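Survey of secondary and tertiary structure
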Amino acid sequence: MEFSTGRILPFRQVSLIVCLLLALAVLLPACSGSDDPNAAATDTATTPTSGAAPTIAADTPTIENPPAVATATESVAEPSATATTTMPAEATASATTPAQVDPTATTTGDVTVLSVFFLRDEKIATVHRTVPKTQQVAAAAMEELLAGPTAEDEAVGMTTAIPEGTQYIGTTIDQGVATIDLSSEYESGGGSLSMSARLAQVVYTLTQFPTVNFVNFTLDGEPVEVFGGEGIVLERPVGRKDFEELTPIIFVASPAVNDTVSSPVRVHGTANTFEAAFMLQILDADGTILIEQPMMATSGTGTRGTFDVTIDFNAQPGSQITLRVFEQSARDGSDVNIVEIPLTVGT
């Protein structure tokens, strides 16, 4: 390399100059700014990493060694265009899905145990029905519901708001919505309470199945948008939350009235009590308290939560006991919102 002086630089100096030029070539682009206004965002953006593995919510009850859950998937009636239902957003937002909290319909061996929902003290109440093993569980449950309370049920105050003569025609299930077809007798007679109660009975009975969250009604194949002379609007599928006023403050899904139980007994359901607290007792036939313990639902004070507990008790096989749940009044400590469920101890 030559300069204007004509003097040749030593090799060591030439190497030093070359290194300096290379360093400048690397540093200058890094220090220079960009004319692209998005360049900084691009350079500093980071890719979010995946979070920790999701955990099961604390209010999700677990079932130890459960029998097979009876799932309603039947299409008893031939579906028509009017029976197809798209679940509206407002229905989804207000959903209560007790069947997912704890399925109550189970199949063991050659029998299927179903829940049927009648009325007791003008509130929804559960009874269990055992039928021959069937895949058509929604049809079986509806037939048992329309048959009405037995004499044994009536003896403990069970009634039904569904008019005598109502016939079950069929059910189709699509994307969590059951469309049930009943005969026109279902709409006959009764005031506003009776109309709401008979709707609630059907909704509770069908939503015991994990595949059903909401219910649409048709009568003799015709969609129902306004039900009965009281003008109950059914312009969207309805679920259990739509009948909160007909649900006991403490609703025991199981055991049901007149069940035969043994120790330990599993007690589960929903509650909407003050600060989610209530009491549970088991009494013998003389009214002596065998078990008493405080209970907590997963939520309360305006929001219905779930509860699920297994309790040991000591009672003679064949004897009568009573499961009693109640809330203690915040005003004076008295027992309120009492539900008493008569049971028989198994041999």
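Quick look at the structure, then.

Cut-offs used in this document
- Residues numbered from 1 in each chain as written.
- Predicted model: local features only at pLDDT ≥ 70, side-chain atom pairs only at ≥ 80, totals over all residues.
- Heavy atoms only, no water.
- Helix = DSSP H or I, 4+ residues; strand = E, 2+ residues; numbered from the N terminus.
- Buried < 20%, exposed > 50% of the residue type's maximum accessible area, 1.4 Å probe, protein only.
- Contact = heavy atoms within 4.5 Å.
- Areas by Shrake-Rupley, 256 points an atom, 1.4 Å probe, with all protein chains shown as cover.
- Polar contact = N/O pair within 3.5 Å; in protein donor to acceptor, adjacent residues only side chain to side chain.
- Pairing = 2+ DSSP bridges.
- Core = buried A, V, L, I, M, F, W, Y, C linked by side-chain atoms within 4.5 Å.
- Axes fitted to C-alpha atoms, helices over the stretch in contact; angles between N-to-C directions.
- Left-handed = near helix turned anticlockwise from the far one by under 90°.
- Nonpolar A, V, L, I, M, F, W, Y, C, P; charged D, E, K, R; others polar.
- Salt bridge = Lys/Arg side-chain N within 4 Å of Asp/Glu carboxyl O.

Regarding the overall build of the chain
- Across its full length, the chain carries seven helices and 19 strands.
- With 347 residues in all, the chain has 43% of them scored as buried.
- Across the chain, every contact between residues at least 6 apart in sequence was considered, and the portion connecting residues at least 24 apart equals 65%.
- With the model as given, the accessible surface of the chain reaches about 18800 Å², and the carbon-plus-sulfur share is 53%.

Some remarks on the side chain of Arg304
- Tracing the backbone shows Arg304 in the loop between strand E16 (289–296) and strand E17 (305–311).
- Within polar-contact distance, the side chain of Arg304 engages the backbone oxygen of Pro248 at 2.9 Å.
- A distance of 2.9 Å separates polar atoms of two side chains, one belonging to Arg304 and the other to Thr270.
- Those residues in contact with Arg304, other than ones at most four positions away along the chain, are Glu244, Thr247, Pro248, Ile249, Phe251, Thr270, Ala271, Asn272 and Ser299.

Re the pairing of strand E3 (residues 111–120)
- Burial within E3 is extensive, with eight of its 10 residues counted as buried.
- Direction of pairing for strand E2 (residues 106–108) relative to E3: antiparallel, over a ladder of three bridges. Directly across from Thr106, in E3, lies its bridge partner Val113.
- Counted along the chain from E2 to the antiparallel partner E3, the turn is two residues long, and its residue Gly109 has a positive phi close to 60°.
- Two elements, E3 and strand E4 (residues 123–132), share 10 bridges in a ladder whose sense is antiparallel. Considered in E4, the bridge of Val113 is made with Thr130.
- Here E3 folds back onto E4, and the loop between the two strands holds two residues, one of which, Asp121, carries a positive phi near 55°.

Some thoughts on the sheet that holds strand E7 (residues 177–182)
- The sheet built from four strands is open, its strands ordered E6-E7-E8-E9 with mixed pairing. Each of the sheet's edge strands pairs with one partner strand only, and the pair in question is strand E6 (168–174) and strand E9 (222–223).
- When E7 meets strand E8 (residues 214–219), the two strands line up parallel, connected through six bridges. Paired with Leu182 across the bridge in E8 is Leu219.

Here's the deal with the sheet that holds E16
- Ordered by their spatial adjacency, five strands build an open sheet running E13-E19-E18-E15-E16, and the pairing between neighbours is mixed. Strand pairing shows two members of the sheet lacking a second neighbour, strand E13 (260–261) and E16, which therefore form its edges.
- Bridge count for strand E18 (residues 320–328) against strand E19 (residues 335–345) is eight bridges, and the pairing is antiparallel. Within E19, the residue paired with Glu327 across the bridge is Val336.

Quick notes on the nonpolar core
- Formed by 74 residues in total, the largest nonpolar core has its most connected members in Val202 and Phe217.
- It is helix H7 (residues 192–206) that contributes the most residues to this core, eight residues altogether.

Describing the packing of helix H5 (residues 137–147) against H7
- Axis separation between H5 and H7 bottoms out at 10 Å; the angle between their running directions is 145°. Regarding H5 and H7, the two cross each other, and that crossing is right-handed. Residues Ala138, Ala141, Met142 and Leu145 of H5 form the contact with H7, whose participating residues are Gln201, Val202, Thr205 and Leu206.
- Grouping the amino acids of the contact of H5 with H7 by side-chain chemistry returns six nonpolar, two polar and no charged.

So, the pattern of salt bridges
- Counted according to the given criterion, the structure contains seven salt bridges.
- Its salt-bridge partner being Arg236, residue Asp242 comes within 2.6 Å of it at the nearest N-O pair.
- Under the relative-accessibility criterion, Asp242 is labelled partly exposed at 25%.
- With relative accessibility at 22%, the residue Arg236 sits in the partly exposed group.
- Two residues, Arg266 and Asp308, come together in a salt bridge whose shortest N-O distance is 2.5 Å. Of this pair, Arg266 sits in strand E14 (residues 265–271) while Asp308 sits in strand E17; the two residues are 42 residues apart in sequence, bridging distant segments of the chain.
- Residues joined in a network through salt bridges with shared partners are Arg129, Glu144 and Asp153.

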